[in-house]
Amino acid sequence: MLSLDRRTFVAGAGAVLVSAAALPNAPAFAQDLVCQLPLKSMLRAELLFGRNIGGRFGVTETLWARFLAQEVTPRFPDGLTVVDASGQWRDSASNRIVRERSKILIIAFESAADSQAKLDAVVEAYKKRFRQQSVGVVIRPACAAF
(Lines give C-alpha, C1' and ligand atoms only; values in the text may rest on other atoms or scores of the structure.)
Protein backbone atom coordinates (compact mmCIF):
# COMPACT_ATOMS: atom_id res chain seq x y z
CA MET A 1 0.00 0.00 0.00
CA LEU A 2 1.25 3.49 -0.76
CA SER A 3 1.64 5.46 2.42
CA LEU A 4 1.91 9.13 1.65
CA ASP A 5 1.50 12.45 3.30
CA ARG A 6 -0.46 15.34 1.77
CA ARG A 7 2.36 16.48 -0.53
CA THR A 8 3.12 15.17 -4.00
CA PHE A 9 5.56 12.27 -3.58
CA VAL A 10 8.27 10.89 -5.86
CA ALA A 11 10.26 7.77 -4.97
CA GLY A 12 13.20 5.80 -6.40
CA ALA A 13 13.50 3.48 -9.36
CA GLY A 14 10.31 3.23 -11.36
CA ALA A 15 9.24 6.43 -9.63
CA VAL A 16 5.86 6.58 -8.00
CA LEU A 17 4.21 9.97 -8.37
CA VAL A 18 0.95 10.34 -6.56
CA SER A 19 -1.07 13.52 -6.38
CA ALA A 20 -2.56 14.47 -3.07
CA ALA A 21 -5.96 14.38 -4.80
CA ALA A 22 -6.09 10.64 -4.13
CA LEU A 23 -5.62 11.07 -0.42
CA PRO A 24 -8.15 11.74 2.30
CA ASN A 25 -8.14 15.38 3.37
CA ALA A 26 -6.52 16.35 0.05
CA PRO A 27 -5.41 19.97 -0.29
CA ALA A 28 -7.86 22.56 -1.55
CA PHE A 29 -6.55 22.63 -5.14
CA ALA A 30 -7.76 19.07 -5.64
CA GLN A 31 -11.10 19.60 -3.96
CA ASP A 32 -11.81 22.89 -5.75
CA LEU A 33 -11.58 21.55 -9.30
CA VAL A 34 -14.54 23.09 -11.13
CA CYS A 35 -15.80 21.20 -14.14
CA GLN A 36 -18.22 22.51 -16.76
CA LEU A 37 -21.16 20.27 -17.61
CA PRO A 38 -21.30 17.66 -18.99
CA LEU A 39 -17.87 17.08 -17.42
CA LYS A 40 -17.64 16.11 -13.77
CA SER A 41 -14.83 16.04 -11.26
CA MET A 42 -12.97 12.73 -11.27
CA LEU A 43 -9.50 11.32 -10.69
CA ARG A 44 -7.20 10.15 -13.48
CA ALA A 45 -4.71 7.40 -12.66
CA GLU A 46 -1.87 6.43 -14.95
CA LEU A 47 -0.06 3.20 -14.08
CA LEU A 48 3.27 2.57 -15.78
CA PHE A 49 4.12 -1.11 -16.26
CA GLY A 50 7.53 -2.31 -17.46
CA ARG A 51 7.41 -5.53 -19.45
CA ASN A 52 10.89 -6.94 -18.81
CA ILE A 53 11.36 -9.83 -16.40
CA GLY A 54 14.89 -10.40 -15.19
CA GLY A 55 16.41 -8.10 -17.79
CA ARG A 56 14.57 -9.65 -20.75
CA PHE A 57 11.23 -9.02 -22.41
CA GLY A 58 8.77 -11.25 -20.62
CA VAL A 59 5.27 -9.79 -20.35
CA THR A 60 3.81 -10.80 -23.71
CA GLU A 61 0.52 -9.49 -25.11
CA THR A 62 -1.16 -12.72 -23.97
CA LEU A 63 0.18 -12.40 -20.40
CA TRP A 64 -0.79 -8.71 -20.32
CA ALA A 65 -4.33 -9.45 -21.56
CA ARG A 66 -4.73 -12.12 -18.89
CA PHE A 67 -3.48 -9.74 -16.17
CA LEU A 68 -5.84 -7.01 -17.38
CA ALA A 69 -8.81 -9.39 -17.37
CA GLN A 70 -8.04 -10.96 -14.00
CA GLU A 71 -6.69 -8.05 -11.94
CA VAL A 72 -7.70 -4.70 -13.45
CA THR A 73 -11.12 -5.10 -15.08
CA PRO A 74 -12.79 -6.61 -11.99
CA ARG A 75 -11.59 -3.62 -9.91
CA PHE A 76 -12.34 -0.94 -12.55
CA PRO A 77 -15.16 -2.35 -14.70
CA ASP A 78 -16.41 1.03 -15.95
CA GLY A 79 -13.59 1.36 -18.47
CA LEU A 80 -9.92 2.04 -19.02
CA THR A 81 -7.36 2.72 -21.73
CA VAL A 82 -4.09 0.91 -22.42
CA VAL A 83 -1.28 2.55 -24.38
CA ASP A 84 1.85 0.79 -25.65
CA ALA A 85 4.97 2.74 -24.71
CA SER A 86 8.74 2.66 -24.39
CA GLY A 87 10.05 3.51 -20.95
CA GLN A 88 13.23 3.79 -18.99
CA TRP A 89 14.23 3.90 -15.34
CA ARG A 90 17.34 3.65 -13.20
CA ASP A 91 17.83 0.25 -11.57
CA SER A 92 18.64 1.01 -7.93
CA ALA A 93 20.71 -2.18 -7.53
CA SER A 94 23.00 -1.69 -10.54
CA ASN A 95 22.59 2.10 -10.98
CA ARG A 96 22.10 1.41 -14.71
CA ILE A 97 19.50 2.88 -17.02
CA VAL A 98 17.09 0.17 -18.16
CA ARG A 99 15.00 0.67 -21.28
CA GLU A 100 12.02 -1.54 -21.92
CA ARG A 101 8.69 -1.90 -23.67
CA SER A 102 5.93 -0.70 -21.37
CA LYS A 103 2.19 -0.38 -20.96
CA ILE A 104 0.45 2.73 -19.67
CA LEU A 105 -2.91 2.04 -18.07
CA ILE A 106 -5.21 5.07 -17.81
CA ILE A 107 -8.26 4.93 -15.57
CA ALA A 108 -10.68 7.78 -14.85
CA PHE A 109 -12.84 7.19 -11.80
CA GLU A 110 -14.89 8.99 -9.21
CA SER A 111 -13.11 9.36 -5.91
CA ALA A 112 -14.20 6.65 -3.50
CA ALA A 113 -12.88 5.38 -0.21
CA ASP A 114 -11.67 2.13 -1.80
CA SER A 115 -10.15 3.60 -5.00
CA GLN A 116 -6.60 3.79 -3.60
CA ALA A 117 -6.87 0.25 -2.26
CA LYS A 118 -7.94 -1.00 -5.71
CA LEU A 119 -4.98 0.75 -7.38
CA ASP A 120 -2.61 -0.61 -4.73
CA ALA A 121 -3.95 -4.14 -5.33
CA VAL A 122 -3.35 -3.84 -9.10
CA VAL A 123 0.21 -2.61 -8.51
CA GLU A 124 1.02 -5.37 -6.01
CA ALA A 125 -0.49 -8.06 -8.24
CA TYR A 126 1.67 -6.97 -11.19
CA LYS A 127 4.83 -6.77 -9.11
CA LYS A 128 4.25 -10.24 -7.69
CA ARG A 129 3.11 -11.93 -10.91
CA PHE A 130 5.90 -10.51 -13.09
CA ARG A 131 8.68 -10.08 -10.48
CA GLN A 132 8.83 -6.28 -10.82
CA GLN A 133 10.70 -3.88 -8.53
CA SER A 134 8.03 -1.23 -8.97
CA VAL A 135 5.12 0.11 -10.99
CA GLY A 136 4.87 3.84 -11.65
CA VAL A 137 1.67 5.51 -10.48
CA VAL A 138 0.42 9.02 -11.28
CA ILE A 139 -2.89 10.28 -9.88
CA ARG A 140 -4.32 13.71 -10.54
CA PRO A 141 -7.67 15.50 -10.56
CA ALA A 142 -9.46 15.72 -13.89
CA CYS A 143 -12.71 16.78 -15.50
CA ALA A 144 -14.24 13.92 -17.50
CA ALA A 145 -17.42 12.71 -19.18
CA PHE A 146 -18.24 9.38 -20.80
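Residues numbered from 1 in each chain as written. Predicted model: local features only at pLDDT ≥ 70, side-chain atom pairs only at ≥ 80, totals over all residues. Heavy atoms only, no water.

Examining the side chain of Glu-71
Argument step 1. With respect to the secondary-structure elements, Glu-71 resides in helix α2 (residues 61-72).
Argument step 2. A polar side-chain atom of Glu-71 sits 3.3 Å from a polar atom in the side chain of Arg-129.
Argument step 3. Contacts of Glu-71, omitting those with residues within four sequence positions, involve Val-122, Ala-125 and Arg-129. (Helix = DSSP H or I, 4+ residues; strand = E, 2+ residues; numbered from the N terminus. Polar contact = N/O pair within 3.5 Å; in protein donor to acceptor, adjacent residues only side chain to side chain. Contact = heavy atoms within 4.5 Å.)

Comments concerning unusual backbone geometry
Argument step 1. With an omega of 15°, the peptide bond between Leu-37 and Pro-38 qualifies as cis.
Argument step 2. You will see that Asn-95, though not glycine, has its phi angle at about 65°, which is positive.
Argument step 3. Residue placement: Asn-95 occurs in the loop between β6 (81-90) and β7 (97-109).
Argument step 4. A positive phi is found at Arg-131, a non-glycine position, where the angle reads about 50°.
Argument step 5. Counting through the fold element by element, Arg-131 comes out in the loop between α3 (115-130) and β8 (136-144).

A look at the packing of aromatic side chains
Argument step 1. Within this structure, the stated rule accounts for nine aromatic pairs.
Argument step 2. Each ring, one from Trp-64 and one from Tyr-126, has its centre 6.2 Å from the other, and the planes form 70°; the classification is edge-to-face. With Trp-64 in helix α2 and Tyr-126 in helix α3, the pair connects residues that are 62 residues apart, well separated along the chain.
Argument step 3. An aromatic cluster of three or more residues is present, and its members are Phe-49, Trp-64, Phe-67, Tyr-126 and Phe-130.
Argument step 4. A cation sits over an aromatic face here: Arg-101 above Phe-57, 3.6 Å from the ring centre.
Argument step 5. Directly above the ring of Phe-76 sits Lys-118, whose terminal nitrogen or CZ lies 6.0 Å from the centroid. (Phe/Tyr/Trp six-rings, centres within 6.5 Å; stacked < 30°, edge-to-face > 60°. Lys NZ or Arg CZ within 6 Å of the ring centre and 35° of its normal.)

Points about the state of the cysteines
Simply put, disulfide is the name for a covalent bond between the sulfur atoms of two cysteines.
Argument step 1. Summed over all chains, the structure comprises one disulfide.
Argument step 2. Through a disulfide, Cys-35 is tied to Cys-143; the S-S separation comes to 2.1 Å. The disulfide joining Cys-35 to Cys-143 has a torsion of about -85° about its S-S bond and is therefore left-handed. Placement of the pair is Cys-35 in the loop between α1 (28-31) and β3 (40-50) and Cys-143 in strand β8, with a sequence separation of 108 residues.
Argument step 3. On the basis of relative accessible area, Cys-35 is assigned to the buried category, the value being 19%. (Disulfide = S-S within 2.5 Å. Buried < 20%, exposed > 50% of the residue type's maximum accessible area, 1.4 Å probe, protein only.)

Comments concerning the sheet that holds β3
Argument step 1. With antiparallel pairing, four strands are arranged side by side in an open sheet as β6-β7-β3-β8. The open sheet has two edge strands with one neighbour each: β6 and β8. Between one strand axis and the next, the sheet turns by 30° as a mean value, whatever way the strands run.
Argument step 2. Pairing geometry for β6 and β7, over ten bridges, is antiparallel. Bridging across to β7, Gly-87 finds its partner in Glu-100. (Pairing = 2+ DSSP bridges. Axes fitted to C-alpha atoms, helices over the stretch in contact; angles between N-to-C directions.)

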